[in-house]
Amino acid sequence: MQKTDDTAEAPVGSWERSEPVTPTHRPTPQKEASPKKRKRLLLPREEIAWFPVIKPELCNGCGDCKVLCKPGVFELGEPDPAGIHRPKLIVAHPYNCLVLCNRCVPICTSGAIILPPKEEFEQYIEYID
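What comes next concerns the included structure. (Residues numbered from 1 in each chain as written. Predicted model: local features only at pLDDT ≥ 70, side-chain atom pairs only at ≥ 80, totals over all residues. Heavy atoms only, no water.)

**Considerations on the environment of Val99**
Move 1: Tracing the chain through its elements places Val99 in the loop between strand S4 (89-91) and helix H2 (104-107).
Move 2: Look at Val99 and you get buried, because its relative accessible area is 5%.
Move 3: In contact with Val99, other than residues within four places in its own chain, are Lys39, Leu41, Arg45, Ile48, Trp50 and Ile125. (Helix = DSSP H or I, 4+ residues; strand = E, 2+ residues; numbered from the N terminus. Buried < 20%, exposed > 50% of the residue type's maximum accessible area, 1.4 Å probe, protein only. Contact = heavy atoms within 4.5 Å.)

See the structure below:
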């Protein structure tokens, strides 16, 4: 048996590239920097009747709306006397709701949350820079 020389070059196969590979740079799409407008109420919050209503017959008590809502509009209602069902959610603090916010409606899996039409309340909002 003959010893093989480890310094010998391996044959160039079809799997090897003869040219060095340079990584290509793909530019990440940039969103246009649009300044976010802040809202200012034109009336005291207690005079604007913008808040959700929960249909108790549709509410399944999952609590997703309570978790999502940062201002704390929703709370657990009375427990089921039979102890079979979860407590329904109620609108405990309606005037904590941000005017024209509707984030809770799509998160409600049972469709129990209803908000008034936005068009009726846009007159109470002023957008500032």
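**Observations concerning unusual backbone geometry**
Move 1: Despite not being glycine, Leu100 shows a phi value in the positive range, around 75°.
Move 2: By the secondary structure assignment, Leu100 is in the loop between S4 and H2.
Move 3: Classification of Leu100 as buried rests on a relative accessible area of 8%.

**Concerning the environment of Pro71**
Move 1: Topologically, Pro71 is positioned in the loop between helix H1 (64-68) and strand S3 (74-76).
Move 2: In sequence terms Pro71 and Pro94 are 23 residues apart; their C-alpha atoms lie 9.8 Å from each other.
Move 3: Among all residues touching Pro71, those that are not within four sequence positions of it are Asn96 and Leu98.

**Let's talk about the packing of aromatic side chains**
The description of an aromatic ring pair rests on the distance of the ring centres and on the angle between the ring planes.
Move 1: Using the criterion set out here, one finds three aromatic pairs in the structure.
Move 2: Taking 5.4 Å as the distance between ring centres and 75° as the angle between the ring planes, the aromatic pair formed by Trp50 and Phe121 counts as edge-to-face. Here Phe121 lies in the loop between strand S5 (113-114) and strand S6 (125-128) and Trp50 lies in the loop between strand S1 (38-41) and strand S2 (53-54), a separation of 71 residues in the sequence.
Move 3: Considering the side-chain rings of Phe121 and Tyr124, the 6.0 Å spacing of their centres and the 50° angle between planes classify their relative orientation as tilted. (Phe/Tyr/Trp six-rings, centres within 6.5 Å; stacked < 30°, edge-to-face > 60°.)

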